[in-house]
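# Structural overview for review
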Amino acid sequence: MALAESPQPLLQVRDLKVHFPLRGAHKDATVKAVDGISFDVPAGRTVAIVGESGCGKSTTAYAVLGLEKPTSGQVLFDGRDITHLRGRDRQALASEMQIVFQDPSAALDPKMTIGDSVAEPLAIAGRPRQERRRRVAELLDRVGLSQTFAARLPNALSGGQRQRVVIARALALSPRLLVLDEPVSALDVSIRSQILNLLLELQRDLGLTYLFISHDLSVVRHIADDALVLYLGTIAERGPVDALFEAPRHPYTQALLSAIPLPDPARQRRRERIVLKGELPSALDPPVGCPFIGRCPISIDRCARVRPPLVPCPTGTEAACHVRAPADGGVVGL
Ligand SMILES: Nc1ncnc2c1ncn2[C@@H]1O[C@H](COP(=O)(O)OP(=O)(O)OP(=O)(O)O)[C@@H](O)[C@H]1O
Ligand code: SF4
Ligand SMILES: [Mg+2]
């Protein structure tokens, strides 16, 4: 499948764990924000990470970018181990990978003109003034903003325009990988598809690779080639988006998808709505066996004792479920 088919994916994440030891009253406790996930992002493609709030999406992104220190595991970029790069070596990676955050207002200095904000990474990289000016003009044009925006302050822009500026700035050093952490969630619904289409256009024209984080499955379907469904810092299911949306195997993926309206009313009427019990449990003390056990409508005894491995399913995804994707290839329940 596409998640692993490229001989050398641009980004490889291997058994990544990010645990946060707690202080104070919970002295010996650990938050297992990311608890052993592996995935590849092939060059020129989009891999999405989806899941409820607190499932470990941003922590995974920060570990990839070196903003959070992994407890164990490896991050490889273009075949090179970058897991523990710090200081100047890490800074040099700024021209290879950049992040776009959810809230464009927080990402822009309100006192800096748009031109200066977009030019900032170029100034830090020591590029001459004339090159900076030329590149800012090019970047504004790329993201669909006229040159007059360069002299404006962020408060004179709409949310969508601000996110265009943030994207332009992220592209300033011509990175190959963009990590997009909920890039359209803070925007008005009417603006979201414009920004998603801009991202698709930029990917096509510049050959960009995206690690795209979202809790919104409709957005993921629109933009991603492959997706990982995270649950309590582990992968519940992953695969090409078409297979995930058409034939999800894991009960958690099925529950998430059952909440999205289908365009076909007949299919909508036939489909069972699966409502999850309770909220995502705390990552402070995750279950020994399947992380989903507390909310699973089809659990069996084994689920409490043994963590299910990710197993390829005949429908094209890989799922971690003793019932829906048994590791021994036994009878697959429906
Ligand atoms: N520095 C930290 N110290 C302790 N716990 C943390 C820290 N950072 C994150 N966590 C915890 O790790 C878990 C995963 O957090 P993370 O921010 O990665 O989730 P998320 O999937 O991005 O959620 P959201 O959709 O709300 O952004 C949560 O339980 C969070 O409280
Ligand atoms: S392994 Fe068990 S608890 Fe986990 S999703 Fe499958 S059936 Fe449910
Ligand atoms: Mg987050």
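What counts, and at which threshold
- Throughout, residues of each chain are indexed from 1 in the direction in which the sequence is written.
- Whichever chain is written first is A, and whichever ligand is written first is 1; the rest continue in order.
- Residues qualify for local features only when their pLDDT is at least 70, as the model is predicted, and side-chain atom pairs are given and counted only at 80 or more; totals for whole chains, interfaces and linings, by contrast, use all residues.
- Here exposure depends only on C-beta density: within 10 Å of a residue's C-beta, 20 or more other C-beta atoms make it buried, 12 or fewer make it exposed, and intermediate numbers make it partly exposed, the C-beta atoms being placed from the backbone.
- A run of H or I in DSSP counts as a helix once it spans at least four residues, and a run of E counts as a strand once it spans at least two, with each numbered from the N terminus.
- It is the C-beta atoms, placed from the backbone, that decide contacts: two residues are in contact if theirs lie within 7 Å.
- Whether a residue is near a molecule or strand depends on its C-beta atom, placed from the backbone, lying within 6 Å of it.
- Note on residue classes: Ala, Val, Leu, Ile, Met, Phe, Trp, Tyr, Cys and Pro are nonpolar, Asp, Glu, Lys and Arg are charged, and everything else, Gly too, is polar.
- Only buried Ala, Val, Leu, Ile, Met, Phe, Trp, Tyr and Cys residues enter a nonpolar core, and they are joined through C-beta atoms within 7 Å.
- For the domain bounds, the source is a domain assignment made automatically or taken from a database.
- To define axes, lines are fitted to C-alpha atoms, for helices over the stretch in contact only, and angles between the resulting N-to-C directions are given on a 0 to 180 degree scale.
- Throughout, the term roughly parallel applies to angles under 35 degrees, roughly antiparallel to angles over 145, roughly perpendicular to angles from 65 to 115, and oblique to all others.
- Take the far helix as the reference: if the near one is turned anticlockwise from it by less than a right angle, the crossing is left-handed, and if turned clockwise, right-handed.
- Given the number of residues in a helix, its expected span is that number minus one, multiplied by 1.5 Å.
- For two strands to pair, DSSP has to find at least two bridges joining them.

## A word on helix α11 (residues 251–258)
The complete set of buried residues in α11 reads Pro 251, Tyr 252, Thr 253 and Leu 256. Packing partners of the buried residues in α11 comprise α9 (217–223), β9 (226–231), β10 (234–240) and α10 (241–246).

## Structural notes on the site of ligand 1
Around ligand 1, the surrounding shell holds 13 residues, and the nearest of these are Ala 33, Ser 53, Lys 57, Ser 58 and Thr 59. Elements supplying a minimum of two residues to the shell around ligand 1: β2 (30–41) and α2 (57–65). The element best represented in the shell around ligand 1 is α2, accounting for three residues. Residues that form the shell around ligand 1 fall into these classes: five nonpolar, seven polar and one charged.

## What about the site of ligand 2?
Neighbouring residues of ligand 2: Pro 251, Cys 290, Phe 292, Ile 293, Cys 296, Ile 298, Ser 299, Cys 303, Pro 308, Cys 321, His 322 and Val 323. Its residues assigned to classes, the shell around ligand 2 shows ten nonpolar, two polar and no charged.

## Details of the nonpolar core
Ranked by size, the top nonpolar core spans 85 residues in total, and within it Val 64, Val 118, Val 179, Leu 211, Val 220, Ala 227 and Val 229 carry the most contacts. Taken together, domain 1 (2–96 + 175–319) and domain 2 (106–173) each give at least three residues to this core, which thus spans both. Excluding anything up to four places from it in sequence, Val 220 contacts Ala 48, Val 50, Ser 214, Ala 227 and Val 241.

## Here's the deal with the packing of helix α7 (residues 159–171) against helix α8 (residues 189–206)
Where α7 meets α8, the axes come as close as 10 Å, and the angle between the chain directions of the two elements is 20°. Accordingly, the angle class assigned to the pair α7 and α8 is roughly parallel. When you trace α7 past α8, the crossing you get is right-handed. Only Ile 191, Gln 194, Ile 195 and Leu 198 of α8 make contact with α7, whose side of the interface consists of Gly 159, Gly 160, Gln 163 and Arg 164. Looking at side-chain class alone, the contact of α7 with α8 contains three nonpolar, four polar and one charged residues.

## As for the domain arrangement of the protein
Here the domain parsing of the protein yields domain 1 (2–96 + 175–319) and domain 2 (106–173). A straight line from the C-alpha centre of domain 1 to that of domain 2 covers 30 Å. Taken together, the contacts link twelve residues of domain 1 with nine residues of domain 2. Here the side of domain 1 that touches domain 2 gets four residues from one element, more than from any other, and that element is α8. Looking at side-chain class alone, the side of domain 1 that touches domain 2 contains nine nonpolar, two polar and one charged residues.

## Looking at α7
With 13 residues, α7 extends 19 Å from end C-alpha to end C-alpha; this agrees with the ideal 18 Å at 1.5 Å per step. Along α7, ten of the 13 residues are buried, which leaves the element largely enclosed by surrounding structure. The complete set of buried residues in α7 reads Arg 162, Gln 163, Arg 164, Val 165, Val 166, Ile 167, Ala 168, Arg 169, Ala 170 and Leu 171. Buried-residue contacts for α7 involve β6 (97–100), α4 (104–107), α5 (114–124), α6 (129–142), β7 (177–181) and α8.

## Observations regarding the pairing of β6
Along β6, one buried face is formed by Met 97 and Ile 99 and the opposite face, lined by Gln 98 and Val 100, is buried too. Here four bridges tie β6 to β7, and the two strands are oriented parallel to one another. Looking across to β7, one finds that Gln 98 is bridged to Leu 178.

## Examining the sheet that holds strand β5 (residues 80–81)
The pairing of strands in a sheet happens through backbone hydrogen bonds and is either parallel or antiparallel. Read from one edge of the open sheet, four strands run β2-β1-β4-β5, paired in antiparallel fashion. Each of the sheet's edge strands pairs with one partner strand only, and the pair in question is β2 and β5. Here strand β4 (residues 72–77) pairs with β5 via two bridges, running antiparallel. The partner of Leu 76 across the bridge, within β5, is Asp 81. Those strands touched by α2 are β1 (11–21), β2 and β4, and its axis lies near 115° from that of β1.

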